[in-house]
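# A look at the structure
Residue-level listing of the chains:
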Amino acid sequence: NNMRVETIKYADYEGKERCEDFYFNLNKAELAEMQLSGNGDMAKTLSEAIEKNDMPTLVKFLKTLVLKSYGVKSEDGRRFIKSEKLSEEFAQTEAYSELFYKLLSDGEHTTAFINQVIPNVSE
């Protein structure tokens, strides 16, 4: 299972300190859909963007990856629930802002995030 758990500390819009776990996962079907609807090989696109220090491409890729992989586990653990609404709600939190900033500023964290969220299709 390639579930990524991010424990994020942030202050909400009431100034209250919070620390919550957020879950990220792409299954093989979602990965295939992203590959087919985008420009093919995501790994290649990503490594080229890093090599060229192409920040606009990198930012767009990370935002898409985070929002497409964000979800909520069902209580029985059978489903990983995702929707545009859930992604939009997450994007409106300071937790998203904290995570996004960390992904942009910490290469090792980004690599770990990507490797855990994107399924190994050869398995």
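The structure contained in this document is the topic of the report that follows. (Residues numbered from 1 in each chain as written. Predicted model: local features only at pLDDT ≥ 70, side-chain atom pairs only at ≥ 80, totals over all residues. Heavy atoms only, no water.)

## What to know about the overall build of the protein chain
Stated precisely, the cut-off is as follows: Put simply, DSSP H or I for four residues or longer makes a helix, DSSP E for two residues or longer makes a strand, and each gets a number counted from the N terminus. Both definitions apply: the radius of gyration is a C-alpha atom measure, and the globule rule equals 2.2 Å times residues to the power 0.38. Relative accessibility decides the category of a residue: with a 1.4 Å probe and only protein chains considered, values under 20% of the type maximum give buried, values over 50% give exposed, and everything between is partly exposed. We call two residues in contact whenever any of their non-hydrogen atoms come within 4.5 Å of each other. Here the accessible surface of atoms and residues is derived via Shrake-Rupley with a 1.4 Å probe, and residues count as covered only by protein chains that are part of the display. As used throughout, the charge tally considers Lys and Arg to be positive and Asp and Glu to be negative, leaving His and the chain termini uncounted. Charge positions come from single atoms, namely NZ of Lys, CZ of Arg, CG of Asp or CD of Glu.
Counting its secondary structure elements, the protein chain contains 6 helices and 4 strands. When its helices and strands are written in sequence order, the protein chain yields β-β-α-α-α-β-β-α-α-α. What you see for the protein chain is a C-alpha radius of gyration of 15 Å, in line with the 14 Å of a compact globule of 123 residues. Taking the principal axes of its C-alpha atoms as reference, the protein chain extends roughly 40 × 35 × 25 Å. Across the 123 residues of the protein chain, 32% fall into the buried class. Taking the intrachain contacts of the protein chain between residues at least 6 apart in sequence as the baseline, contacts between residues at least 24 apart amount to 56%. Total accessible area on the protein chain is roughly 8200 Å²; 49% of this is exposed by carbon and sulfur atoms. Between the centroid of the 16 positive side chains of the protein chain and the centroid of its 22 negative side chains there is a distance of 4 Å.

## Some remarks on the packing of aromatic side chains
Stated formally: Pairing of aromatic side chains requires ring centres within 6.5 Å, counting the rings of Phe and Tyr and the six-membered ring of Trp. Pairs whose planes differ by under 30 degrees are stacked, by over 60 edge-to-face, and all others tilted.
Going through the model one piece at a time under the given rule, you end up with 9 aromatic pairs. With a centroid separation of 6.4 Å and an interplanar angle of 55°, the aromatic rings of Y10 and F22 are classed as tilted. Taken together, the positions of Y10 in strand β1 (residues 4-11) and F22 in strand β2 (residues 17-24) put the pair 12 residues apart, joining distant regions of the chain. Ring plane angle 10° and centroid distance 4.3 Å describe the contact between Y70 and F90, whose orientation is recorded as stacked. Note that Y70 is positioned in strand β3 (residues 70-73) and F90 in helix α4 (residues 84-91), a separation of 20 residues in sequence.

## Considerations on the nonpolar core
Side chains of nonpolar character tend, in soluble globular proteins, to be buried together. Counted only if it meets this: Residues belong to one nonpolar core when they are buried, are Ala, Val, Leu, Ile, Met, Phe, Trp, Tyr or Cys, and are joined through side-chain atoms within 4.5 Å.
Among the nonpolar cores identified, the biggest contains 26 residues, and F22, F24, V66, F90, L99 and F113 are the most heavily contacted of them. Listed by contribution, the elements that provide at least two residues to this core are β1, β2, α1 (28-37), α2 (42-52), α3 (55-69), α5 (94-105) and α6 (107-117). Here this core gets 6 residues from one element, more than from any other, and that element is α3.

Note that every value here comes from positions in space, so none of it alone points to a role or purpose.
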